[in-house]
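A closer look at the structure
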Amino acid sequence: MITGYCADAKFRSDAHQVNRGAQAIVSHAASVAGAPLGQRLLGLWKAAVAEPGGEAILFLALIPILLVPAFWNGFPLIYYDTGAYVLEGLGGQFLVERSPVYSLFLRFAGGGLSFWFIIVVQAALVSYSITQAARVIAPRLPLLSALLLGVFLLLGTGLPWYVGQVEPDCFTAVVVLSLYLLAFHFQDLGRVRRLVLSLGGALAVAAHPSHLLLAAVLLMFVIAMRIAVRFAAFIVARPRILEPAILSLGGLALVLIANFCYTGAVFVSRAGPSFVFARMLQDGIVMRLLEDTCPKSGYRLCAYRDSLPATADGWLWTPRSPFVALGHFQGTSNESARIVRDAILRYPLRQIRAAAKNMVEQFVHFGTGDQIEPQEWVLSPVLARYVPSQMKAYISARQQRGEIKFHTISDLDISVASIAIAGTVFLLGWFLRMRQFDLALFHGFILAALIGNSAICGILSGPHDRYQSRLVWLASFAVLIANPIVLRTCGATPNPAGRAT
């Protein structure tokens, strides 16, 4: 009974916090409405992101900031995979190579009426993750400084190009921030924030197969830190394991449920062997296996070894590829799995070298704008069938007219990201030296996410700029929000135990 009363009191307290946030916005607006412009700006400047009003304003203001490229384009940005998600989500056709969870998200978030609904929800989830991270890491950061940080992410990173795109790539960072906050700042969040982060994080984990693996890698990092805190000679609050694990399992459950709804079978993915095969083909391992074993091996692919594409994308996505002749994902699944297994057993050292090479290449490849180009020659038939009311705006967008050029944008983003990664490594060492272990853990977590993502995507699918570009902006965020200057002047002041206060 006492426990129930306490839980009820805690719920009322959380609800009261939310109500206070809304009241603070109204009160602040009323108090400055008649004030001179200078006083209004000063009032905004003094508001901190940890205050209910500052937190709410930052969350709401970041949403349009993150959507600036889409607004400028005149239509949500489109990727080649968008057509597959539309076909699966709005057309009800299961596609082995695409996440059914993101396809269903596209359907239930209103994609059939307007793709703008999709990217607004995406922007809200990303904005909420950024806001909560800023609130717990630098609680006294002034609101206008936080908004300037948002503008920097707009101008100096690829983040807004992914948020405004009908594609699950923007959710990769949501996975990272949600797991970090639940693991290392559980007590700082409150019940309502935990619930929002858990639900949004589970959706993000389920939105792409690589996110399941990334969540598993980061969960192992959390467990390792839990063990380290217990036995190592440093003092820091023990990270939570249960809540991040529930978030990750929730994402896995969404994948299993979605696959079952489409196919009546329970599985995680049927496309994995095909993607790994394509990467091995690009590395020359498949050709080596065919030369060494055909025709004795009996692979159907033996008949095509003189006409194999040189790249993974050439194998998977070109119309004249033997992949299409052999039955696409479903028709090649069993043989692809067999070839992958045989190649690993026959050439283990070659596999290790290729995996390491691809991982490193993926880690340093993060240019912005990968295949954000005119795509109506591929997508128009699908979009015209399932979203005909949006076709006029789609065709007239700058992307479809070929007016978006990424040379300067990508060069700037690459330069910023390179400096940010170096800065994150430096600050990790700095905070360890200063025994500010909570802040060191934040930078370590971001680096673990970048390394894990490069390993997962580089090894399983082959290096592509967008795989790392969608996540590398977190390094810039970490350097700007968790550095000694910001934290000394307006952020958290770590105590000797390493716990931010």
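Before reading on, note that the structure itself is shown above.
Right, let's walk through the structure included here. This one's a predicted model, so the numbers in the text were calculated from it and none came from an experiment.

So, the overall build of the chain
Helix and strand counts for the chain stand at 26 helices and zero strands. Residues classed as buried in the chain amount to 54% of the 501 residues present. Contacts in the chain between residues at least 24 apart in sequence constitute 77% of all its contacts with a sequence separation of at least 6. Carbon and sulfur atoms make up 67% of the accessible area of the chain, which totals about 21,900 Å².

Quick word on empty space enclosed by the protein
Enumeration over the complete set of coordinates arrives at four cavities of 30 Å³ or more. Computed from the structure, the largest cavity encloses a volume of approximately 140 Å³. Around the largest cavity, the lining comprises 18 residues; the ones closest to its centre are Arg98, Ser99, Pro100, Pro209 and Val268. Elements that contribute at least two residues to the lining of the largest cavity include exactly α6 (100-108), α13 (209-231) and α14 (242-263). Residue composition of the lining of the largest cavity, by class: 11 nonpolar, four polar and three charged.

Remarks on the state of the cysteines
On inspection of all chains with the given rule, the structure shows one disulfide. The disulfide that involves cysteine 294 links it to cysteine 302, with 1.9 Å between the sulfurs. One quick way to see it: the torsion about the S-S bond of cysteine 294 and cysteine 302 is about -80°, and its sign makes the bridge left-handed. Residues cysteine 294 and cysteine 302 agree in their burial class; the two are buried.

A short note on the pattern of salt bridges
Taken as a whole, this structure holds 13 salt bridges when the rule is applied. Notably, a salt bridge pairs arginine 288 with aspartate 292, separated by 3.0 Å at the nearest N-O pair. With arginine 288 and aspartate 292 both in helix α16 (residues 285-293) and four residues apart, the pair spans about one turn of that helix. Classification of arginine 288 as partly exposed rests on a relative accessible area of 34%. Arginine 338 is the partner of aspartate 342 in a salt bridge, and the nearest nitrogen-oxygen pair spans 3.7 Å. A residue pair is termed a helical-turn pair when its members lie 3 or 4 positions apart in one helix, as aspartate 342 and arginine 338 do in helix α19 (residues 328-346) at four residues. Given a relative accessible area of 21%, aspartate 342 falls into the partly exposed group. The partly exposed category is assigned to arginine 338, whose relative accessible area is 28%.

A look at the nonpolar core
In terms of nonpolar packing, the biggest core is built from 144 residues, with Leu301, Trp315 and Ile481 touching the most fellow members. Dropping the residues within four chain positions of it, tryptophan 315 is found in contact with Phe277, Ala278, Leu281, Leu301, Leu308, Pro309, Ser321, Pro322, Phe323 and Leu326. Ranked by size, the runner-up nonpolar core spans five residues in total, among them Trp161, Ile372, Ile404 and Phe406.

Comments concerning the packing of helix α15 (residues 272-282) against helix α24 (residues 437-460)
Close contact between α15 and α24 brings their axes to 7 Å; oriented N to C, the two are set at 80°. In terms of axis orientation, α15 runs roughly perpendicular to α24. Contact residues: Phe275, Val276 and Arg279 in α15; Gly458, Ile459 and Leu460 in α24.

What to know about a nonpolar patch on the surface
There is a patch of nonpolar side chains on the surface, built from Ile223, Ile227 and Phe231 and spanning about 320 Å² of accessible area. Following the sequence through the fold, isoleucine 223 ends up in helix α13.

Regarding the layout of surface pockets
Estimates place the volume of the largest pocket at around 1,300 Å³. Contributing to the lining of the largest pocket are 42 residues, with Asp81, Glu97, Arg98, Phe275 and Trp317 lying nearest its centre. Every element with two or more residues in the lining of the largest pocket is listed here: α5 (82-89), α13, α15, α17 (312-317), α21 (376-386), α24 and α25 (465-481). A total of five residues in the lining of the largest pocket trace back to one element, the largest contributor, which is α17. Looking at the lining of the largest pocket, its residues break down into 25 nonpolar, 12 polar and five charged.

Brief notes about the side chain of glutamine 165
Locating glutamine 165 in the fold gives a position in the loop between α9 (159-163) and α10 (171-184). Here the side chain of glutamine 165 touches tryptophan 161 through a polar contact of 3.2 Å, landing on its backbone oxygen. Residue contacts for glutamine 165: discarding those within four places in its chain leaves Leu77, Ile78, Tyr79, Tyr102, Ile119, Gln122 and Ile372.

Some points on unusual backbone geometry
Note that the residue after cysteine 294, namely proline 295, is joined by a cis bond; omega there is 5°. Positioned with a positive phi, glutamine 371 is a non-glycine residue whose angle comes to about 60°. Looking at where glutamine 371 falls in the secondary structure, it is placed in the loop between α20 (348-364) and α21. Since its relative accessible area comes to 31%, glutamine 371 is described here as partly exposed.

Considering α10
Compared with the 20 Å implied by 1.5 Å per residue over 14 residues, the 20 Å span of α10 between its first and last C-alpha is a close match. Among the 14 residues of α10, 14 are classified as buried, and the element is accordingly described as predominantly covered.

A word on the environment of leucine 428
Here leucine 428 is to be found in helix α23 (residues 407-433). By relative accessible area, which is 22% here, leucine 428 ends up partly exposed. In the structure, leucine 428 is positioned 19 residues away from leucine 447 in sequence and 9.2 Å away in space, judged by C-alpha atoms.

Overview of the side chain of threonine 131
By secondary structure assignment, the location of threonine 131 is in helix α7 (residues 115-137). Owing to a relative accessible area of 0%, threonine 131 belongs among the buried residues under this scheme. In contact with threonine 131, not counting residues within four places along its chain, are Glu55, Leu58, Phe59 and Leu62.

What counts, and at which threshold
Residues numbered from 1 in each chain as written. Predicted model: local features only at pLDDT ≥ 70, side-chain atom pairs only at ≥ 80, totals over all residues. Heavy atoms only, no water. Helix = DSSP H or I, 4+ residues; strand = E, 2+ residues; numbered from the N terminus. Buried < 20%, exposed > 50% of the residue type's maximum accessible area, 1.4 Å probe, protein only. Contact = heavy atoms within 4.5 Å. Areas by Shrake-Rupley, 256 points an atom, 1.4 Å probe, with all protein chains shown as cover. 1 Å grid on protein atoms, 1.4 Å probe; cavity = no way out; pocket = protein on both sides within 12 Å on 5 of 7 lines; lining within 4 Å. Points joined across faces, edges and corners; volume = space filled by probe spheres on them. Nonpolar A, V, L, I, M, F, W, Y, C, P; charged D, E, K, R; others polar. Disulfide = S-S within 2.5 Å. Salt bridge = Lys/Arg side-chain N within 4 Å of Asp/Glu carboxyl O. Core = buried A, V, L, I, M, F, W, Y, C linked by side-chain atoms within 4.5 Å. Axes fitted to C-alpha atoms, helices over the stretch in contact; angles between N-to-C directions. Parallel < 35°, antiparallel > 145°, perpendicular 65-115°, else oblique. Patch = residues over 30% accessible without salt bridge, like charges linked within 9 Å, V, L, I, M, F, W, Y side chains within 5 Å. Polar contact = N/O pair within 3.5 Å; in protein donor to acceptor, adjacent residues only side chain to side chain. Expected span 1.5 Å × (residues − 1).

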